[in-house]
Amino acid sequence: MAERVVSPSDRAFAATVEVPGDKSLSHRSLIFAAMANGASELSNLGPGEDVGATLRAVQAFGATWDGATMSSPGIDSWSEPGSPIDCGNSGTAMRLLAGVTAGRPFHTELSGDDSLSRRPMERVAGPLRLLGAGVETAEGGTAPMHITGGSLEGASVSIDVATAQVRSAFELAAVQANGVSTIDSPPGYRDHTERMLESWGRGERLGSTAFRIHPGPVPPGSYDIPGDPSSAAFLWASAAIREGAAVTTPGVSLNPGRIGFLQVLGEMGAQVDGVVSGEFHGDPVGTVTVRGSGLGAAFVPAELVAATVDELPLVAVVAAYGEGITKVTGASELRTKESDRITSTVAMIRALGGGADEESDGFTVLGTGFLEGGVVEARRDHRIAMAAAVAATAANGSVTVSGAEAAAVSWPGFYEILESTWSSR
Ligand code: S3P
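Residues numbered from 1 in each chain as written. Predicted model: local features only at pLDDT ≥ 70, side-chain atom pairs only at ≥ 80, totals over all residues. Heavy atoms only, no water.

Engineer: Even after reading the chapter, I still don't get the overall build of the protein chain, so can you show me in this structure?
Structural biologist: Each helix and strand counted, the protein chain has 13 helices and 23 strands in total. C-alpha atoms of the protein chain, sized along the principal axes, occupy 60 × 45 × 40 Å. Going through the 425 residues of the protein chain one by one, you find that 60% of them count as buried. Residue pairs in contact within the protein chain that sit at least 24 positions apart in sequence constitute 75% of those at least 6 positions apart. (Helix = DSSP H or I, 4+ residues; strand = E, 2+ residues; numbered from the N terminus. Buried < 20%, exposed > 50% of the residue type's maximum accessible area, 1.4 Å probe, protein only. Contact = heavy atoms within 4.5 Å.)

What follows is the structure, encoded as structure tokens:
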């Protein structure tokens, strides 16, 4: 396992950083481009290993990729892969690919690394079975998944968690079915897949959370993927914890299901400015600036969890540098991520001398305004590794991130960008 030592800086920095392409939109763009019959242009794909897993998968089904253009015979001409599809560490790859292969009349095996093989897959298998797909999971409802699909009928399903991955998997299967389908869930999820389907007339909103899928082909297109707000969040947090610092990130996705963290930062007292300047297949895109100023605490209620879900380790870091008690509740989903992120987030804060406690569905952090140096175990979780590096930038000593290589799952080169950001003036 690689160790990375990140040293603090006492500079108030001001930086403008273009963050890598959005991971969620990259997975979806690759899949839709491979479903379409023809050539699609894709630029600014997320550079991480997770997106690489989806790219390799669609090539195994018959799409070709030259680094800029994806050419596909269309989903009806996809071929059965000769070997299992390795989704690596990526829950999004596995769940979205489960959805799209549920519509294919052949057998697909989806496997993953140790961490992915512990995560729940029945939540996605159940709705796909309702459409008529054959889906088997291993004992415990985990990967590997075996999917034998084709001849799907429309169905209606309501799920009790606000998860974009399960909604998207269902939608990617339902768009291949013989009749219309609907899905509903609690609110707050990122609705990228739905905005894309809507833009092609393949879907329709029924109220605030229900969505109807109209089956049919999706067209080839052009995907210039905006920056990833979940990557930008590490830089926003590093500015928030240093009074007088500022970070601007142009061209990031501002999907409402992605920016709960900005609301939390604002509640804690950081100055947050966001301007929408464009769109990506129906998704708002714009520039965000975060400036550090005296920080307090925040309460993150269950309703805000889905829109903040990947940023909650950062909420804990920023909270430790604030004053007062920050509480995150209704977030038991965190236990199903790349690590048990309630346990790993609390362990990270404690390893740096901060005060944090686990709850069954969240955590509390006692903000004292400072953290010490120390050693943080990333637990094979990219977001813990990167949150620990952000904590280091304002700590009283160096932080050693053990298992630092996990960052490559979403952002290879992250540590170098973080260091160049806070050493800029
Ligand atoms: C994702 C959805 C989220 C998020 C994950 C990416 C997506 O998961 O944690 O990193 O691209 O759909 P859930 O919506 O399943 O919580």
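Engineer: Just checking my understanding: could you explain the side chain of Arg 119 for this structure?
Structural biologist: With respect to the element layout, Arg 119 can be found in the loop between strand S7 (107-111) and helix H4 (122-130). Residue class for Arg 119 comes out buried when judged on its relative accessible area of 4%. Contacts of Arg 119, omitting those with residues within four sequence positions, involve Asn 89, Gly 91, Arg 95, Gly 141, Thr 142, Thr 336, Lys 337 and Glu 338.

Engineer: Is there a simple way to explain helix H6 (residues 192-199) in this structure?
Structural biologist: Each full turn of the α-helix corresponds to 3.6 residues, which orients residues three or four apart in the same direction. Of all the eight residues making up H6, six are buried; the element is thus mostly covered by neighbouring parts of the structure. All of the buried residues along H6 are His 192, Thr 193, Glu 194, Arg 195, Met 196 and Leu 197. Two residues or fewer past H6, Gly 201 is found with a positive phi of approximately 70°.

Engineer: Please explain the sheet that holds strand S4 (residues 64-65) as it appears in this structure.
Structural biologist: Pairing between the strands of a sheet is mediated by backbone hydrogen bonds and can be parallel or antiparallel. Pairing within the open sheet is mixed, and its four strands lie in the order S4-S5-S3-S14. On the outer flanks of this sheet lie S4 and strand S14 (222-224), each paired with one strand and no other. In terms of strand pairing, strand S3 (residues 37-43) meets strand S5 (residues 69-73) through five bridges, oriented antiparallel. Across the sheet, the residue bridging to Asn 37 is Pro 73, located in S5. (Pairing = 2+ DSSP bridges.)

Engineer: How should I be thinking about the packing of aromatic side chains in this particular structure?
Structural biologist: Inspection of every chain in the model, using the stated rule, returns seven aromatic pairs. Plain terms: the ring middles of Phe 414 and Tyr 415 are 5.3 Å apart, the flat faces sit at 65° to each other, and that makes the pair edge-to-face. Three or more aromatic residues link up through ring pairs in this structure, and these residues are Phe 234, Trp 411, Phe 414 and Tyr 415. When the ring centre of Tyr 189 is taken as origin, the NZ or CZ atom of Arg 167, which lies over that ring, is 3.9 Å away. (Phe/Tyr/Trp six-rings, centres within 6.5 Å; stacked < 30°, edge-to-face > 60°. Lys NZ or Arg CZ within 6 Å of the ring centre and 35° of its normal.)

Engineer: Honestly, the domain arrangement of the protein chain in this entry has me stumped. Any pointers?
Structural biologist: The parts lose accessible area when they come together, and the size of an interface is often stated as this lost area. Annotation of the protein chain at the domain level lists domain 1 (3-20 + 226-422) and domain 2 (23-224). Between the C-alpha centres of domain 1 and domain 2 there is a distance of 28 Å. Contacts between domain 1 and domain 2 engage 29 residues on the former and 30 residues on the latter. In total, domain 1 and domain 2 occlude about 2,500 Å² of area from one another, counting both sides; carbon and sulfur atoms represent 49% of this. The largest share of the area that domain 1 buries against domain 2 comes from Phe 280, His 281 and Val 409, three residues that together contribute 26% of it. Applying the counting criterion to the domain 1 and domain 2 interface returns four salt bridges. Secondary-structure elements contributing two or more residues to the side of domain 1 that touches domain 2 are strand S17 (283-291) and helix H12 (382-393). (Domains from an automatic or database assignment. Buried area = accessible area lost by both parts, 1.4 Å probe. Salt bridge = Lys/Arg side-chain N within 4 Å of Asp/Glu carboxyl O.)

Engineer: Looking at this structure, I do not really get the pairing of strand S22 (residues 374-377). What am I missing?
Structural biologist: Side chains on a regular strand alternate between the two faces of the sheet. Burial along S22 is one-sided: Gly 374 and Val 376 are buried, while Val 375 and Glu 377, pointing the other way, are not. Pairing of S22 with strand S23 (residues 399-402) involves four bridges; the strand directions are parallel. Each bridged residue has a counterpart across the sheet, and for Val 376 the counterpart in S23 is Val 401. In this view, the connection linking S22 to its parallel neighbour S23 by way of H12 has right-handed handedness. (Right-handed = clockwise from strand over helix to strand, strands pointing away.)

Engineer: I keep staring at the packing of helix H11 (residues 341-351) against H12 and nothing clicks. Help me out?
Structural biologist: Angle between the axes and distance between the axes are the two parameters that describe a pair of packed helices. Viewed as axis vectors pointing N to C, H11 and H12 meet at an angle of 20°, and their least axial separation amounts to 11 Å. Taken together, the axes of H11 and H12 lie roughly parallel to each other. Note that H11 runs across H12; the crossing there is right-handed. Together, Arg 341, Ser 344, Thr 345 and Met 348 of H11 and His 382, Arg 383, Ile 384, Ala 387 and Ala 388 of H12 make up the contact between the two elements. (Axes fitted to C-alpha atoms, helices over the stretch in contact; angles between N-to-C directions. Parallel < 35°, antiparallel > 145°, perpendicular 65-115°, else oblique. Left-handed = near helix turned anticlockwise from the far one by under 90°.)

Engineer: I would appreciate a short explanation of the site of the ligand in the present structure.
Structural biologist: Around the ligand, the neighbouring residues are Ser 24, Arg 28, Thr 92, Thr 163, Ala 164, Gln 165, Arg 190, Val 309, Asp 310 and Lys 337. Thr 163 has a polar side-chain atom sitting 2.7 Å from an oxygen atom of the ligand. Side-chain polar atom of Asp 310 to an oxygen atom of the ligand: 2.7 Å apart, as the coordinates give it. For the ligand, whose unbound accessible area comes to 380 Å², protein coverage reaches 95%. Listing elements by their share of the shell around the ligand, those giving two or more residues are helix H1 (23-35) and helix H5 (164-174). (Near = heavy atom within 4 Å. Polar contact = N/O pair within 3.5 Å; in protein donor to acceptor, adjacent residues only side chain to side chain. Areas by Shrake-Rupley, 256 points an atom, 1.4 Å probe, with all protein chains shown as cover.)

Engineer: How do you make sense of the packing of H1 against helix H3 (residues 91-101) when you look at a structure like this?
Structural biologist: Contact geometry of H1 with H3 gives a least axis separation of 11 Å together with a crossing angle of 25°. When the axis of H1 is compared with that of H3, the two are roughly parallel. Handedness of the H1/H3 crossing: right-handed. Contact residues: H1 offers His 27, Arg 28, Ile 31 and Met 35, while H3 offers Thr 92, Ala 93, Leu 96, Leu 97 and Val 100. Taken together, the residues of the contact of H1 with H3 sort by class into six nonpolar, two polar and one charged. (Nonpolar A, V, L, I, M, F, W, Y, C, P; charged D, E, K, R; others polar.)

Engineer: Which parts of the structure should I look at to understand the pattern of salt bridges?
Structural biologist: A pair can form between side chains of opposite charge whenever their charged atoms are brought close. As enumerated under the stated definition, the model contains 25 salt bridges in all. We note a salt bridge from Asp 283 to Arg 195, for which the minimum N-O separation is 3.8 Å. Taken together, the residues span a long stretch of sequence, with Asp 283 in strand S17 and Arg 195 in helix H6 at a distance of 88 residues. For the pair Asp 283 and Arg 195, one class covers both residues: buried. In the salt-bridge network here, residues are joined through shared partners; they are Arg 119, Arg 190, Asp 310, Glu 338, Arg 341, Asp 381 and Arg 383.

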